[in-house]
Structure formats: C-alpha cells, structure tokens
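Structure at a glance
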Amino acid sequence: MLLHREPLQISAWSHERRWSIRGTEPFQSLSLIDGRTDDLAEVARAARAWHDGEALNGIRQAAPFVHLTGRFEVPDLDSARLVESEWQSMRVEASGLDYVWQKTYQALIEAAHAEPALRALYPFTSHWALRFSTTTRPRLTGVGPCLTAGSDGMYGVGTGFITSDLGLFATAHEAVAVAVHHMPSGLGPVTLGG
C-alpha cells in the first residue's frame, strides 16, 4: 500500500448485486478513482491494482469499470501540482456531465482555465458555482468573485455566493474577464491548506 493512497473503499449495494469503489488520496480526501460494477471479480482486480501501487491508468486497464476522476497523484504535496490536478479534474467532470447546462458549464470551466491569473489559483465549486482559493483543500481560502453558468446560456459574476451583482454575460470569456478584473492584486502562489 502506498502512503499517498488511502485504503480503497468498497461498498456493497443492499438491494441489488452491485459494488462501488472509491480511491482517495489522504491529504485532501479527494477521489482519484471511483466506479460501480456488478462483477465482484472486477472489484478484486481493482483492489489488488490499487493496493499494489499500479498507476491510475493501469488500474483502469485491470478493471475497466474504474472511472478516472482526472485528478492525479501528488505524493510530495507540491501545491502547484495539486492546483493542476484539481483543474484537470474539473475539466474532466465538466466534459462528462449529463445536464442540460453541461455545455455552458464546460465553456465556463475552459475559459477560466485558459486565463493564467485564474489557472494559478486553486479552483473549487459549490452548487456548480466556480470559485477560487489561495490554499488547497482541506482548508480553502476563498478569494475573488464567484462565477456561474446558467441553463439559459448566461454567465454570472458576483461578489457573493451565486449572485450576479457584477453582471450577467453572454459569453464565458466576458464573465472570466470581469472576474479577473475584480481579483485582489498581489496574490502569491497557492499554499497547502492543511
């Protein structure tokens, strides 16, 4: 077992023959892999690969039901790499959502990621609202505006949680530009939030 991996969580469903897995890292307790299957042999293969330290892609090859969250392992807890990992996870998640507003939300995530000032910050969401932090999880330090993507195709920017007091915009790029303009100056590199 690797020190930068928590033990694989395996859950049995109570009303049907199905199992769920979740593999997390210990510092932020965020999922690196997850998945559901009705094949217990696949669960055993995933558990063995996780325990033996197989790379995340290798775990997926051993057990195809495994879903990679987009996060990657950062054993040395380098804060810049944790930021990069979280952005990658958000981009993977946004591309695979099954909601009417998926394309609008994905455009927001991609536009924010394309902006160097925001890409340097640790991204996080709550109720699908995009926010930023100067520290990683587990103790976030929120900074700057909150960005939202509506099912109507509009993008909101606000000083509070899920408000649009800084405006509603027709494109993600316009909303991101306003958010960057309202970011405090002098933000240093992201630090560990633990």
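Before reading further, recall that the structure is shown in the block above.
Within each chain, residues carry numbers counting from 1 in the order of the written sequence. In view of the model being predicted, local features appear only for residues whose pLDDT reaches at least 70, and side-chain atom pairs are presented and counted only at 80 or more, with totals across whole chains, interfaces and linings using the full set of residues. The side-chain quantities take in all heavy atoms of the structure and omit both hydrogens and water.

1. What about helix 3 (residues 79–96)?
Numbering of helices and strands starts at the N terminus; helices are DSSP runs of H or I of at least 4 residues and strands are runs of E of at least 2. In a helix, the anticipated span is given by 1.5 Å times the number of residues less one. For helix 3, built from 18 residues, the straight-helix expectation of 26 Å at 1.5 Å per residue is met to within 8% by its first-to-last C-alpha distance of 26 Å. By definition in these notes, contact holds between two residues if any of their heavy atoms fall within 4.5 Å. In this structure, the buried side of helix 3 is in contact with helix 4 (102–114), helix 5 (116–119), strand 5 (122–126), strand 6 (129–133), strand 7 (135–138) and strand 11 (191–193). Throughout this description, a polar contact denotes any pair of N or O atoms lying within 3.5 Å of each other; where both atoms belong to protein, one of them has to be capable of donating a hydrogen while the other can accept it, and for residues adjacent in sequence the pair is counted only when both atoms sit in side chains. Two or three places before A80, at the opening of helix 3, D78 has a side-chain oxygen 3.1 Å from that residue's backbone nitrogen.

2. A few points about the sheet that holds strand 2 (residues 19–24)
Note on pairing: two strands pair once DSSP finds at least 2 bridges between them. If you trace the four strands from one edge of the open sheet to the other, you get 1-2-3-4, paired in antiparallel fashion. Looking along the sheet, the strands with just one partner apiece sit at the ends: strand 1 (9–12) and strand 4 (67–68). In the sheet, strand 2 pairs with strand 3 (residues 31–37) via six bridges, with the strands oriented antiparallel. Residue R22 lies in a different strand from strand 3, and its bridge partner there is D34. Helix axes are fitted to C-alpha atoms over the stretch in contact, other axes to C-alpha atoms as well, and angles between N-to-C directions run from 0 to 180 degrees. In the packing of helix 1 (residues 40–51) onto the sheet, contacts are made with strand 1, strand 2 and strand 3, and the angle to strand 2 comes to roughly 10°.

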